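# What the coordinates show
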Amino acid sequence: MKITRRLFTMTSAAVALSISLGAAPALAQNAPIRVAMGDIASVESLGLLVAIERTKERGVPMELTFFNSEDVATQAVVGGQADIGVGAPYAFIQNSNAPIRMFYRMTTLLFFPVVNSEVYSSWADLDGEEVTVHSRGSGTEALMRLMEQNEGITFSNLSYVPGAEVRAGALLQGTINATIVDAASMRLLEDQAPGKFMQLPVEGVNATDEALYANTSFLESRTEDLAVFVEELIGTWEDINENPSLVAEWRTQYDLLPDLPAEAAGDIEQFYTEAAEGGVLPLGGGTPEDVLDDLAFLSAAGQVEAPGENVDASMYWDFSALDAARQ
């Protein structure tokens, strides 16, 4: 399924992985910037898709490829099959010293741990039980690992199912009983099965959910094009926070997600209104202080080593594109 019939290139993970791991990154100034997303297309992708379209209107070619997991997308960026990835690969960078750095903070973590109330009613009930999250290394996994620590429980297993709406569907079908979803999927659960699912409490969490990251060679070689992209990201995020209803208009204008079900399409304005009100779409693109907050959150969740007093944000982030875009 293509995102749009005219603007985006989409391939399966199998096709993408057939490319040689030695493929060179798109360093030529006229080469398309290749963005890899380890998720399915959904309403929450629209902000990024709009920023990509705006960037293309300014003469910077871009392509978007979907992979079947964030892990595979990360490997594509590391291996030169893609230039930009979507995620927050702090643990991957720390463990592998891979030459990738984050450069734009897209969303902050605002998810809802939810259980089938006919089976569970508290965090304690999940001790020794299986919980489903988005993907390995994702913010959903970090949050669930943190709640294990905070609640003194241990899950029997974490299973990985990309897409909040997919996990919500699995809840409704009864194939899973405990997971974590976004605001739109939480509303879907409440609408489809009132009273059947309950949200478990989460307090004091402030961390990046998704950022954009890239090969350091790409960051150094495509500075002008990347600055244009970041300018459009900043502008798109500002516009959405000011008027969330614009997203639905942009979807029509750019023919984005043409196969989106009518019910999901009707949910766009509400989703982005709640995202703006909840601070899910932060303005500015990220700061070194955000990096410290992320590392503190991820270390509490056991995904990275605890940051020292003199931690260097440049180990994980490159702010040069943001600095250039802000000038």
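In case you missed it, the structure is sitting above this.
Residues numbered from 1 in each chain as written. Predicted model: local features only at pLDDT ≥ 70, side-chain atom pairs only at ≥ 80, totals over all residues. Heavy atoms only, no water.

This part is about the packing of helix H6 (residues 164–173) against helix H7 (residues 183–192). Running from amino to carboxyl end, H6 crosses H7 at an angle of 25°, the nearest separation of the two axes being 9 Å. By the angle class used here, H6 and H7 are roughly parallel. Once H6 is placed against H7, the crossing between them reads as right-handed. Across the interface between the two elements, Ala164, Glu165, Ala168, Leu171 and Leu172 from H6 touch Ser185, Leu188, Leu189 and Gln192 from H7. Residues belonging to the contact of H6 with H7 are distributed by class as follows: six nonpolar, two polar and one charged. (Axes fitted to C-alpha atoms, helices over the stretch in contact; angles between N-to-C directions. Helix = DSSP H or I, 4+ residues; strand = E, 2+ residues; numbered from the N terminus. Parallel < 35°, antiparallel > 145°, perpendicular 65-115°, else oblique. Left-handed = near helix turned anticlockwise from the far one by under 90°. Contact = heavy atoms within 4.5 Å. Nonpolar A, V, L, I, M, F, W, Y, C, P; charged D, E, K, R; others polar.)

If you trace the backbone, Ala325 turns up in helix H14 (residues 320–326). With a relative accessible area of 13%, Ala325 lands in the buried category. Not counting the four nearest positions on each side in its chain, Ala325 is found in contact with Ala227, Val230, Glu231 and Ile234. (Buried < 20%, exposed > 50% of the residue type's maximum accessible area, 1.4 Å probe, protein only.)

Its identity as a non-glycine residue notwithstanding, Asp255 has a phi of 55°, on the positive side. Inspection of the secondary structure assignment puts Asp255 in the loop between helix H10 (246–254) and helix H11 (262–265). For Asp255, a relative accessible area of 28% gives the class partly exposed. Phi at Leu257 is positive, roughly 45°, even though this residue is not glycine. Within the secondary structure layout, Leu257 lies in the loop between H10 and H11. On the basis of relative accessibility, which here comes to 6%, the residue Leu257 falls in the buried class.

Generally speaking, soluble globular proteins have nonpolar side chains that are buried together. By size, the foremost hydrophobic cluster in this structure holds 93 residues, and its most contacted members are Ile84, Tyr90, Phe103, Tyr104, Leu126, Leu212 and Phe229. No other element matches helix H9 (residues 223–242), which puts eight residues into this core. Sequence-distant contacts of Ile84, that is, excluding residues within four places in its chain, are made with Ile33, Arg34, Val35, Ala36, Val77, Phe103, Leu212, Tyr213, Ala214, Phe218, Leu226 and Phe229. By size, the runner-up hydrophobic cluster in this structure holds 12 residues, among which are Val114, Met186, Leu189 and Phe197. (Core = buried A, V, L, I, M, F, W, Y, C linked by side-chain atoms within 4.5 Å.)

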